[in-house]
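# Summary of structural features
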Number of protein chains: 2
Amino acid sequence: MSSSQDPLVVFTPSGKRARVPAGTSVLEAARSMGVDLDSVCGGRGICSKCQVQPAFGDHSKHGITASEDALSGFNSVEERYDRVRGLKTGRRLGCQACIQGDIVLDVPPESQVHKQVVRKAATTRHIEMDPATRLYYIEVEPADMHAPTGDWERTQAALAEQWNITGATLTLAMLAKLQTALIAAEYKATVAIHTARDGAAQVIGVWAGFAEPALFGLAVDLGSTTIAAHLTNLVTGEVKASGGVMNPQIRFGEDLMSRVSYAMMNEGGAGEMTRAVREAMNTLAAELVAEADLTTADIYEAVFVMNPVMHHLLLGLDPTPLGQAPFALATNSAMDLPARTIGLTFADEAQVYILPLIAGHVGADAAAVALSEAPQKVDPLTLIVDVGTNAEIILGNTSRVLACSSPTGPAFEGAQISSGQRAAPGAIERVEIDAITKEPRFKVIGCDLWSTDPDFATQTAVSGVSGICGSGIIEAVAEMRMAGLVDANGLIGSAEATGAERLRASGRTYSYLLHDASAEGGAVIEVTQGDIRAIQLAKSALYAGARLLMDEFGADEVERVVLAGAFGAHISPKHAMVLGMIPDCPLEHVTSAGNAAGTGAQIALLNVTARREVEALVHEITKVETAIEPKFQEHFVAANAIPHATAPFSGLRAVVPLPDPDFNAGGGGGRPRRRARR
Amino acid sequence: MSSSQDPLVVFTPSGKRARVPAGTSVLEAARSMGVDLDSVCGGRGICSKCQVQPAFGDHSKHGITASEDALSGFNSVEERYDRVRGLKTGRRLGCQACIQGDIVLDVPPESQVHKQVVRKAATTRHIEMDPATRLYYIEVEPADMHAPTGDWERTQAALAEQWNITGATLTLAMLAKLQTALIAAEYKATVAIHTARDGAAQVIGVWAGFAEPALFGLAVDLGSTTIAAHLTNLVTGEVKASGGVMNPQIRFGEDLMSRVSYAMMNEGGAGEMTRAVREAMNTLAAELVAEADLTTADIYEAVFVMNPVMHHLLLGLDPTPLGQAPFALATNSAMDLPARTIGLTFADEAQVYILPLIAGHVGADAAAVALSEAPQKVDPLTLIVDVGTNAEIILGNTSRVLACSSPTGPAFEGAQISSGQRAAPGAIERVEIDAITKEPRFKVIGCDLWSTDPDFATQTAVSGVSGICGSGIIEAVAEMRMAGLVDANGLIGSAEATGAERLRASGRTYSYLLHDASAEGGAVIEVTQGDIRAIQLAKSALYAGARLLMDEFGADEVERVVLAGAFGAHISPKHAMVLGMIPDCPLEHVTSAGNAAGTGAQIALLNVTARREVEALVHEITKVETAIEPKFQEHFVAANAIPHATAPFSGLRAVVPLPDPDFNAGGGGGRPRRRARR
């Protein structure tokens, strides 16, 4: 009980204030007041996690004048700590310093358990530290012949008493380590404890005495093409290394469905792909830890986000049911797994968390996007599209969230495009076509200049201009449409009909010449009628999926559009909308979320509450299956036009020119047919 | 609700009776009345586990006249079952046959879940079947695109709905099997579910459709010298094969402490012993399944009982702390473990249950003895001794149970005895000495005749008379004491002092010649003064341990003595008591329990309630540590005399002659010193 005579304590930055009895330690005061002050050693003056910075003098804001003797002086424990390991000037150990008078105490970020970690992504993002794996220092009762209990049973008692952790388990191998550690350090040890979804606590690391071991986690975005991972300190939240490798499964099939086919047609094929991806994961992890001067044994946790096919292949499950209706998942729930059960050679007892899958085509990657973008927390109706070979589409707001996937095919990734290529130096990524002259200018990856700049040739001498990538083809087609070179049906006009010299006949259709370096032995890059058909197929599928969700939601328009995925970060919102990839929406409300799936993985790695959040959200999401929805086909056909056959896109038309020629004079391919799901 | 108009049903053998509405199936009636009637398929007419035998006609005992139409006729399901698989005459499927009138229904043993299984052991014993692993047939909802959930999530729903099993888990490997099985058999499957101590249910086997797979368990008594196991059907309780192998750790040290020393002195020595014992386990399992025409993949569970050193070595824990005070155990609790974590190559997900340890010297083998003998359930104060290199001693009754171990050393196993040998053909196992002539006769293992029988030589021609085993030396010394050839101090008299020609001088002491085949090139077998000293050391330790428990209990005598262990089965109670191995007690209350540890293992394998029982009992047992109890030394010294220096043994003296010569005439060794703990 505190009285009005007791010292008044204010903690910053939280601003929490209370009176506590004189002589209370700062750590005790913080705990009783609900102030977030860390401690690993349980107040024994060993870990120094509870450091605070007292602010003496006048604090008119808090109505406090803090005298120099408001805290007790150094006791022997703190003195020893300062002598041996050194305290920063002005800092005190919260577990040793006692409150004797009114005082303002600042808790520096590194002393907070739930510190905010800033992630550098497309959008700067704060993640609150609340990891599933934490370190605890314990002092265990020595063995006693008169009350014979095991080392483990006495350790459990210590965990319960000193940290309020009950029901912990451990493997035999960890028990053997614990046995050794306790004997080595007079029954004192530091343990890493992982808490799973079901609340089960497991000892996954043991060190003799008080220790501050390297404790790292890996957030993995396991894509069909690329595997990307961040190596993150599980104590500080600091990212120590990031990197990616190609998914080696590409040799079994470029896209997901060809990998499923490979598994279906080849005995043991799924197993081959499983081994390949696990090996690649271990290689990537080894590279990242090497970069950070660590070893893979320092990795105690990994979080994976991935689509359902990658999910099944990583886990060693049969992916073939995902190749046809009803697209049966082996499991759709979030999972906690020992890393070794999926062949990952991390710390012996490292744990893996797999985000839940939303549906047979909508994976944990989409769940991660939902976690990162949190549509369920905003009022404006938000459409999130993660564009890849399959597009994952999420629509929702505080009232409801829906999701589907749509088979866009690989055109947006530059595949099936005559001059298409992956996004790499030399690839055209931005295109402008002058409305009057119909002449293009472009930028290539690796150079900031426009192609019309005098220095462009010099600066791109190494890479050359090699092809056109996904964002490039989108801009090219949209620019052609705005310049009147392509009509609403997607037909390219002739030079005569448009006055553009660059339109050249090619059989019964026309192509637009973007770049011709044939004289120097370089590439000839053009946009063909076939390219436009491929883009139309892809964008129709994307739009139709979004539209289906809007129907289901009962909305005719969306208020925000978020472009997710690495690719989404490079798409120009204006061009995407001119193409009719996304529904009409004020352009300033179309934003890119960068690699939202990767961000979601990172959030789940560092914050266990976020894991529960995404599990609950996925459970609540309404799943819409495009493959069996008759209206999808209808929407797909209507979306074939650029931007759209029936939707007015009046918002868009108000800000960009969309001339309306009609080149349907016998040229052009037939009506695009819907592609098979890929 | 049933009314007095409803048919009256009586089930036998339980005798349960109730009225049930007409049309109720027999299975439903049994369940509502709490009658033990099995069903694996959940009443679908597939498994036939619910068969009953209706008894028509007059049942005056039950007040029922059952007409032929008291049960409904065969329906299509039952007809089909009878046609395809055949029903025994008079039998009905309980899930199909409906009650239409008063009836008496017999539940045959094979239709009972909790059937009693009769074990053949030294004492015939009934074990109620209540295994941790059981089979369940389930019908799972097919995958549905509109409500996408995984195969596993729908399986969990089926388990909850059809069998009331919630929160089940499974490994990734098992999930892959489940996925395949469900697709193969239209979402019908049979699963084996194991329930662990904490109530956690785990799928450890999956079969497509309805299946009756071989489901076996292994009950293992892992001794320092011998590993013995029973291969048991987990559905029927039938033992299909039993056998044993030598513990290959013997090459690292004969007794436990020499193995601990080996681990202490040799880097990696503990690991070598762990590998050796695990290999031996796999070999033994392979032999037993081969004998039963099964494979090791049919073994889904194993139960182990063993002393603490064997426990640590099997589990890969460091045994060296068990070599010295405070004899710290790494863990003392019962454990559920995947069999693969201890290197056992059984079914992929086979589970192991390890009985709890009582203390640093009192192992799971002693716990198994306690489970088998259940001293806590009887009123008479019962002393249970399991004699081996270490003797485990348990004392108790309904009020309280105490336990200790005592370092008897290997003398009782024939080691340290001049003509000692293991119990094997040719070893003297029984001895009688004529009180008048002082002439002996004996029996050897492998022959039922006494050595004085004319045919003895012929019948033992192959084995010869090769030495003396543990029970033989006990009888020999006791007989010498009763014949007046050995005094209360354990000194052997001379031929002159006793009139026995067979007493021969050997230095300053005397030996008793039991057998001399030297003329035929055979063995000379005698009992030397050193042999008697060795037996005195061993029996003093045993008695002192028992006496210490009696002190602790506050009792001066015991009402029952149970001799456990293979050795215990061969000891003659009278001779043991003449030696003073055990306290005075009416001879008819001294019984042998055979291999009580092995029986305990078998009980724990087949009955999960027994596991909870032994865990609770071990928790309640008062552990007494002989190594640090000063009174132990005192008791040890007093117990050196034969039968005892101070305890009167008046009960014994009333039934056997105990002459009191004193041969202390300068001969004989010094006072025996207490042996180091072995």
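Residues numbered from 1 in each chain as written. Chains lettered and ligands numbered in written order. Predicted model: local features only at pLDDT ≥ 70, side-chain atom pairs only at ≥ 80, totals over all residues.

Next up on the list: the domain arrangement of chain A. By domain assignment, chain A separates into domain 1 (8-111), domain 2 (116-208), domain 3 (216-354), domain 4 (367-410 + 534-628) and domain 5 (412-529). Averaged C-alpha coordinates put domain 1 of chain A and domain 4 of chain A at centres separated by 47 Å. (Domains from an automatic or database assignment.)

Take helix α10 (residues 470-482) of chain A next. Residue and element names in this part refer to chain A. Along its 13 residues, α10 runs 19 Å from first to last C-alpha, staying within 8% of the 18 Å computed at 1.5 Å per residue. Most of α10 is tucked away, with 12 of its 13 residues classed as buried. Looking only at α10, the buried set comprises G470, S471, G472, I473, I474, E475, A476, V477, A478, E479, M480 and R481. Positive backbone phi, approximately 80 degrees, marks G484, located one or two places after α10. (Helix = DSSP H or I, 4+ residues; strand = E, 2+ residues; numbered from the N terminus. Expected span 1.5 Å × (residues − 1). Buried ≥ 20, exposed ≤ 12 C-beta atoms within 10 Å, placed from the backbone.)

Residue and element names in this part refer to chain B. Close contact between helix α3 (residues 151-163) and helix α4 (residues 172-184) brings their axes to 10 Å; oriented N to C, the two are set at 80 degrees. Considered as vectors, α3 and α4 are oriented roughly perpendicular to each other. Between α3, through D151, W152 and T155, and α4, the contact on the second element is made entirely by L175, L178, Q179 and L182. A class-by-class count of the residues in the contact of α3 with α4 yields four nonpolar, two polar and one charged. (Axes fitted to C-alpha atoms, helices over the stretch in contact; angles between N-to-C directions. Parallel < 35°, antiparallel > 145°, perpendicular 65-115°, else oblique. Contact = placed C-beta atoms within 7 Å. Nonpolar A, V, L, I, M, F, W, Y, C, P; charged D, E, K, R; others polar.)

For these two chains of identical sequence, chain B goes onto chain A by a turn of 180 degrees and a shift of 0.0 Å along the axis, with RMSD 0.1 Å. In the structure described here, the two chain copies are related by an operation that fits a two-fold rotation axis. For chain B, the smallest separation between a C-alpha atom and the rotation axis is recorded for A200 of chain B, amounting to 5.9 Å. Counting the interface residues of chain B, we find that 100% of their copies in chain A are interface residues as well, pointing to one common contact surface. (Least-squares fit on C-alpha atoms with pLDDT ≥ 70 in both.)

A few words on the interface of chain B and chain A. Interface extent is often summarised as the accessible area lost during association of the parts. In this complex, chain B contributes 38 residues to the contact, which on the side of chain A involves 38 residues. Mapped by element, the contributors of at least two residues to the side of chain B that touches chain A are α3 and α4 of chain B. Examining the composition of the side of chain B that touches chain A, we find that six residues originate from one element, α4 of chain B, more than from any other. Grouping the amino acids of the side of chain B that touches chain A by side-chain chemistry returns 20 nonpolar, 12 polar and six charged.

What follows deals with the sheet that holds strand β10 (residues 133-139) of chain B. Residues and elements named next belong to chain B. A sheet is described by the order of its strands in space; here three strands give the open sequence β10-β11-β12, paired in antiparallel fashion. With one partner strand each, in any of the chains shown, β10 and β12 (201-208) form the two edges of the open sheet. In this sheet, neighbouring strand axes are inclined to one another by 30 degrees on average, regardless of whether the strands run parallel or antiparallel. Where α4 meets the sheet, its contacts fall on β11 (188-195) and β12, and the angle it forms with β12 comes to roughly 40 degrees. (Pairing = 2+ DSSP bridges.)

Along the chain, the position of E153 of chain B falls in helix α3. The exposure class assigned to E153 of chain B is partly exposed, which follows from the 16 C-beta atoms found within 10 Å. Taking the C-alpha atoms as reference points, E153 of chain B and E141 of chain B, 12 residues apart in sequence, are found 10.0 Å from one another. Apart from residues lying up to four places away in sequence, E153 of chain B is in contact with T331, N332 and S333 of chain A.

With that settled, the discussion passes to the confidence of the model for chain A. Residue and element names in this part refer to chain A. With 96% of its residues at a pLDDT of 70 or more, chain A shows a mean pLDDT of 91. Note on residues 666-678: pLDDT under 50 across the span, and 27 contacts to partners over four residues away in sequence or across chains. At the level of chain-chain contacts, confidence expressed as ipTM amounts to 0.84, with global pTM at 0.85. (pLDDT = per-residue confidence, 0-100.)

So, about unusual backbone geometry. Between A325 of chain A and P326 of chain A the backbone carries a cis peptide bond, its omega angle lying at 5 degrees. Its place among the elements puts P326 of chain A in the loop between α7 (308-315) and β17 (335-338). The backbone phi angle of Y187 of chain A is positive, close to 65 degrees, even though this residue is not glycine. Secondary-structure assignment places Y187 of chain A in the loop between α4 (172-184) and β11 (188-195). Exposure remark for Y187 of chain A: the 21 C-beta atoms within 10 Å place this residue in the buried category. Of note, F649 of chain B is a non-glycine position whose phi angle comes to about 50 degrees, a positive value.

For the rest of this paragraph, the subject is the sheet that holds strand β26 (residues 509-516) of chain A. Residue and element names in this part refer to chain A. One open sheet accounts for three strands, arranged β25-β26-β27; its pairing is antiparallel. Strand pairing shows two members of the sheet lacking a second neighbour, β25 (503-506) and β27 (524-527), which therefore form its edges. Strand-to-strand twist across the sheet, computed as the mean angle between neighbouring axes with direction ignored, equals 45 degrees. Pairing between β26 and β27: four bridges, direction antiparallel. When the sheet's bridge partners are listed, H515 is paired in β27 with I525.

As a further point, take helix α5 (residues 256-265) of chain A. Because an α-helix completes one turn every 3.6 residues, residues spaced three or four positions apart along the sequence face the same direction. Residue and element names in this part refer to chain A. Inspection of α5 places L256, M257, R259, V260 and A263 among the buried residues, and these make up the whole buried set. Looking straight down α5, one finds that the buried residues subtend no more than 155 degrees of arc, so they occupy a single side. If you follow the buried residues of α5, they end up packed against α6 (269-291) and α7. (Arc of directions from axis to C-beta.)

Moving on to the pairing of strand β15 (residues 239-246) of chain A. Residue and element names in this part refer to chain A. In this sheet, β15 lies alongside strand β14 (residues 226-233) in antiparallel orientation, the contact comprising seven bridges. Note that in β15 the partner of H230 across the bridge is S242. Between β14 and β15, which pair antiparallel in sequence order, lie five residues; one of them, G237, sits at a positive phi of approximately 85 degrees.

Okay, the pairing of strand β20 (residues 391-397) of chain A next. Residues and elements named next belong to chain A. Extensive coverage of β20 is indicated by the burial of six of its seven residues. Taken together, the five bridges between strand β19 (residues 382-386) and β20 define a ladder with antiparallel strand orientation. Of the residues in β20, the one forming a bridge with D386 is E392. Taking the residues between adjacent antiparallel strands as the criterion, β19 and β20 are bridged by four residues. As paired strands, β20 and strand β21 (residues 400-406) are joined by seven bridges and run antiparallel to one another. Counterpart to A391 in the pairing with β21 is S406. Count of turn residues in the β20/β21 antiparallel hairpin: two residues.

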